[in-house]
Amino acid sequence: MANGYAGKILKVNLTTKEISAIDSARYEEFGGGVGMGAAIFWELAVAPGDWDLQDAFDPRNVISLMSGPLAATGVPGAGRTSVCAIAPETFPTPLFHRTSFGGRFATMLKLAGWDGVVVHGKADSPVWINIVNDKVTIEDAKPLWGLNTFETQGEITSTVAGRTRFDLQWHQIEDDYTTARPQIVCIGPIGEAMTRVAALIHGSGVSARTGGFGGVFGSKNLKAISVIGTGDIEVADPAGVVDTRLWHQRNFARGATSPGASCCMPCLNADRKRNSYYGGESMCADEYWYIGPQTGAPMMGGSSGHQMRGADVAIKWGICTWATKFGGAITLPAPNAPPPFKGQLPMEPGMGWYIKYLYELGVLGPGRKIDSYPLPMDQWDTLNFREVFCDALTRKIGIGADLAEGVLEAAKKWGRLEEDMNSGALRLPAWGASWHHSLPGVDWAYSYIFMSGDPMWHGFFGLGGGGGFGGPATYTAEQLVETMAKKVVPFDGEPLIFSNAWKGEDAWKTGIYSSYKAKMLAWARRFAGFYNESMSICEMLLPNFMAGGSAGPSPELEYRYYKAVTGSRNTLADTIEIGRKIWNMERAIRVMAGRHRDQEKFAPFMHMPGATFPMGGSKAVYQNGEWSFEDQNDLYLDREGVEQFKTHFYRLEGWDVATGWPTRSTLEELGMKKVADLMDAKGKLGG
Amino acid sequence: MAESRNTESNKKTVLRRDFLRGSGAVLAAGTLSVGVSQIPAAASPQAAETKSYPKSTGYIVYDSRLCLGCQSCMFACSMTHEGVANPSLSRIQIIRDAPSFTHYPYDVVMSVCRQCVSPLCVQNCPTGACHVDEENGNVRRIEPSKCIGCRRCIQSCPHKPHRTIWNSAKNKSTKCDLCADAPYWNEKGGPEGKQACVETCPAKALKLVREAPPQMDISGYDVNLAPPPRKMGFPGMGMPKTESKPAAKKEGA
């Protein structure tokens, strides 16, 4: 079948030790990646109807690690692994969440003959899953339990394929040979302990850092999944794939730095430094994990020795560096900040920074109201503190027991939740997820509330210049919106959807609270849902909407790749419609888990001055009948405006405006009658 | 390697990463094995020292420090030659060490066919399938219709890992032909044309050269392809000092 799919999905029930294969064709209508993962989650976790979807550590939780059809075909950046499950990290309750990680796991999974691996149940003792082409075994992980992520991968690598030592040899697997190493995703001690801030770690620094899925592995007694494969992936048009790749590269590649490293296999960006400690695999969140707000933070790739050692701790323990940040990627001046801030705020604060804040306030520390034992708060700046921090969370001793439940649960227990969310000390826009470019890009912010936190989608981020850390825009606002308006089928021809006006009547009529902005968000979710999250193309590589001063290659480029690999007759508009279907499947799961319009709200600080940090970003605005770029460093959201936006958005999506639940007609239009029937039976269908 | 690999002393160094086993050496563990009785008689390996072949007019050299480890070349190779994506069938192998956590510059090994001046794969082929293609710039290549799958070419390749590739589905050997026969590509290949791996490499860490590199070790092939540093500073102030690349790891280190 020459369409990029491996053809089958591995399903492992750790309770019964049953290993089986699902025909991928059953789920191809959802593309791959998150789309397939969500559809499988519905079938295995929601449809049986015996689980309320509330406890991420319930054995009935189904965690999927999925590739897309473009993986292992040579399409750059398409080697990401999508992860879906009920996530333990979200607040106030676990939510259906999706994240992804780069590296070589998905590619190797495809070469082994699998489009994804789905795990449910719970092993009665620690295990790891060993995939060698078609041969899948559940192995004893008791000797691995307690090892860090490097040690774990080292042990498994030396065990796979008959304790072969991988060096510069070809290694025989049945009749085939490979020079590749097994690709492994695993958890560290923090995941084993079922904390809510545990990551999945792959290689020397790649990880799934949001959602806390390391804890889900831990709850299933699953230490790791290893895969090595030697098979073919057939595509519809091999020459077309290569031609498209070369066209992409010759015209739009960012260009290599020396010596750079790619994260995914393959890629054409050298966005990491190969001569860094982790061979280019660790990312900003890891490297900044050790940087406090009082310390200058060199940008990614120029990491200091301190950063390297900090990342070393975080990755080996397997902690979510996103949720537990000690500072932010950028330390920003904040003259009006409360005294403990010392005139500065991190852009993306997390758990590590928050405990320092409380220490400075005098409420947390040895013998204080919030006892900091065993954390040596006077050594907060040191690497030793990070080690003790991870150990305390893992063993759940002293304050570690509180923090293991997540920073908002800890704040709630300490009676500080409301005060600190109102003050902005807990700058988590929604669902307990870290701040991450949430404003002034309102499509990014709105995605937080309609999903389960950070969308991790930079697609519209840099448009306008400055907001993407670039220089001034090389085009006018009018040129930008007219170019973009041609790209967003089926909402093409409406430049107003790109207006970011947030003041006065324009904000309500054509700006960020309007029905126009609802279309922009809807398109973003549909495009990202299909191409980035289900075709699994790295969102740091594509889309590329504006290249220099003219139109970039997206979305036509992604569509060319899709056509060359799959041979599908779908039009570009059809693929965006599949994105809508995926979006509705995600929505249906969230609604079945309790999602309601009333819950889709921002944290209070998003409605106050200071919600946007001064990043030098500018956005296109249509005001007083004219287009211009506007510096929006002072943007914050109006509560009523957000409510109006929600009404517009629900209506556009065909969801009930009172509840936010999909209606039968919407679901049936998308071919999801069975989903509608089940939601109807549970009283969750929109009217 | 880059800063020292062009020195005379290092040209004589046999590096661990690209160890020349030499003619007739015993196969290392993990290499392809085949029953000796099934192998047709072939020319003596020792004859390589006396038999000469016309040199290839093209050689791919590389810069292992510049490589991103992205393996784009491997996918391009298998896709253009075999019509499928399969790194195991790629005639160029990029071995990236993660998750073994070896540090730069030893985290990536580039394994590229050298189009040897004295090609043992050609010399040891019992059927003439592995031959010097005079119509395509003397590139060393394997004619599939003549290959009987004896794997002599694989056994005799002196490099580690061997550069001749086993295709189990076809039960035949393959090797780099500089894209002289790349049926799934719309570009003209061969020594006079383009090579999919070179074209696809985003780091420009692969390059086709005309002169045969020194054959003794890898120093002639693993060369410095880094672009010259961009000129900075005020006009007339000269080039700023650039950070030198780390020294090569010594054999056995």
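Please read these numbers as outputs of a predicted model, since none were measured by experiment.

Asks: For this particular structure, what's the right way to read the packing of aromatic side chains?
Replies: How two aromatic rings sit relative to each other is given by the distance of their centres and the angle of their planes. All names here are of chain A. Taken as a whole, this structure holds 37 aromatic pairs over all chains when the rule is applied. Of the aromatic side chains, those joined through ring pairs into one cluster are Trp457, Phe460, Phe498, Trp523, Phe527, Phe530, Tyr531, Phe545, Tyr559 and Tyr562. Lying across the ring of tryptophan 145, lysine 223 places its NZ or CZ 6.0 Å from the centre. Of note, arginine 560 hangs over the ring of tryptophan 247, and the distance from its end group to the ring centre comes to 4.8 Å.

Asks: What is the right way to read the sheet that holds strand β8 (residues 135–140) of chain A from this model?
Replies: Neighbouring strands of a sheet are bound in pairs by backbone hydrogen bonds; such pairs are parallel or else antiparallel. Residue and element names in this part refer to chain A. Reading across from one edge, β8-β7-β14-β11-β12-β13 is the order of the six strands in this open sheet, with mixed pairing throughout. The open sheet has two edge strands with one neighbour each: β8 and β13 (206–208). Direction aside, the axes of adjacent strands within the sheet are offset by 20 degrees on average. As paired strands, strand β7 (residues 127–132) and strand β14 (residues 222–228) are joined by six bridges and run parallel to one another. The residue of β14 that forms the bridge with valine 127 is leucine 222.

Asks: Explain the environment of His202(A) here, please?
Replies: Residue and element names in this part refer to chain A. Position of histidine 202 among the secondary structure elements: in strand β12 (residues 200–202). Judged by its relative accessible area of 1%, histidine 202 is buried. When the C-alpha atoms of histidine 202 and phenylalanine 101 are compared, they prove to be 8.2 Å apart, with 101 residues separating the residues in sequence. Of note is the side chain of histidine 202, whose polar atom sits 3.4 Å from the backbone nitrogen of phenylalanine 105.

Asks: How should I be thinking about the packing of helix α19 (residues 572–592) of chain A against helix α20 (residues 639–653) of chain A in this particular structure?
Replies: Residue and element names in this part refer to chain A. Closest axis-to-axis distance for the α19/α20 pair is 12 Å, and the angle between their directions is 115 degrees. Together, Arg580, Trp583, Asn584 and Arg587 of α19 and Phe649, Tyr650 and Glu653 of α20 make up the contact between the two elements. Broken down by class, the residue content of the contact of α19 with α20 amounts to three nonpolar, one polar and three charged.

Asks: Where do I start with helix α22 (residues 673–681) of chain A in this structure?
Replies: Given 3.6 residues to a turn, an α-helix orients residues that are three or four positions apart in the same direction. Residue and element names in this part refer to chain A. Burial in α22 covers these residues: Val675, Ala676, Leu678 and Met679. With its buried residues spanning 165 degrees around the axis, α22 presents them on a single face. Seen from the buried face of α22, the exposed residues on the opposite side, beyond 90 degrees, are Lys674 and Ala681. Structurally, α22 contributes buried residues whose contacts are with α1 (33–46), α19 and α21 (664–669). Of the residues trailing α22, glycine 683 is marked for its positive phi of about 70 degrees.

Basis of the calculations
Residues numbered from 1 in each chain as written. Chains lettered and ligands numbered in written order. Predicted model: local features only at pLDDT ≥ 70, side-chain atom pairs only at ≥ 80, totals over all residues. Heavy atoms only, no water. Phe/Tyr/Trp six-rings, centres within 6.5 Å; stacked < 30°, edge-to-face > 60°. Lys NZ or Arg CZ within 6 Å of the ring centre and 35° of its normal. Pairing = 2+ DSSP bridges. Helix = DSSP H or I, 4+ residues; strand = E, 2+ residues; numbered from the N terminus. Axes fitted to C-alpha atoms, helices over the stretch in contact; angles between N-to-C directions. Buried < 20%, exposed > 50% of the residue type's maximum accessible area, 1.4 Å probe, protein only. Polar contact = N/O pair within 3.5 Å; in protein donor to acceptor, adjacent residues only side chain to side chain. Contact = heavy atoms within 4.5 Å. Nonpolar A, V, L, I, M, F, W, Y, C, P; charged D, E, K, R; others polar. Arc of directions from axis to C-beta.

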